[in-house]
Amino acid sequence: MKTSIRWVLKILMVLTFTSGFIYGAAPNHSDHFSNVPSSMLAKANPYSGHPQAVLAGKKLFDHHCSACHGRGAEGSGRAPSLKGDVIQYTAPGAILWFLKKGDLKHSMPAWSQLPEPTLWQIVTYLKTLP
Ligand code: HEC
């Protein structure tokens, strides 16, 4: 009896240790915007609120992004949802900066080959998501 309790305790300790390790190694999405240069933070979106840019951004999103992030940006697989707090509370310039560099280690492509006005249209669309 005593030895079985000891084993249960040992297994619990191992589980606690490994789950802490796995949690610590998982990518933290809020980290994506933690090193944004201040020059990018200060950049204003030239299309902010323009209905034409929202439409253009939606088309671009469908074409370039929806395969991973889902048709309505609800997220799928490893690609997070782009609806909600993270996008709403992140400065437009910070989103632009992240799109340009991507996160290649975690399967988010870099979009620096797209012209900047195109990227701003995508940002404008993302900002309209509920
Ligand atoms: C090949 C799949 C793929 C495509 C295509 C893709 N993404 Fe991603 N995206 C990801 C993954 C995976 C992550 C999460 C990366 C991580 O965990 O570090 C991500 C992360 C992001 C984030 C950060 C979200 C957050 O909460 O921190 C934004 C913003 C983003 N993508 C926007 C876009 C936009 C806009 C496009 C189209 C121009 C796009 N992505 C295309 C896979 C993709």
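Criteria and thresholds
Residues numbered from 1 in each chain as written. Predicted model: local features only at pLDDT ≥ 70, side-chain atom pairs only at ≥ 80, totals over all residues. Heavy atoms only, no water. Helix = DSSP H or I, 4+ residues; strand = E, 2+ residues; numbered from the N terminus. Buried < 20%, exposed > 50% of the residue type's maximum accessible area, 1.4 Å probe, protein only. Contact = heavy atoms within 4.5 Å. Areas by Shrake-Rupley, 256 points an atom, 1.4 Å probe, with all protein chains shown as cover. Polar contact = N/O pair within 3.5 Å; in protein donor to acceptor, adjacent residues only side chain to side chain.

**Q** I keep staring at the overall build of the chain and nothing clicks. Help me out?
**A** Of regular secondary structure, the chain possesses seven helices and zero strands. The secondary structure elements of the chain, listed N-terminal to C-terminal, are α-α-α-α-α-α-α. Residue burial in the chain is summarised as follows: out of 130 residues, 33% are buried. Partitioning the contacts of the chain with sequence separation of at least 6, the portion at a separation of at least 24 is 62%. Accessible area of the chain: about 8,700 Å², with a carbon and sulfur share of 65%.

**Q** Where do I start with the side chain of Ser-66 in this structure?
**A** With respect to the helices and strands, Ser-66 occurs in helix 4 (residues 66-69). For Ser-66, a relative accessible area of 9% puts it in the buried group. Polar side-chain contacts of Ser-66 include one of 2.6 Å to the backbone oxygen of Asp-62. Setting aside anything within four residues of it in sequence, one finds Ser-66 in contact with Phe-61 and Arg-71.

Nothing here speaks to function; it is geometry throughout.
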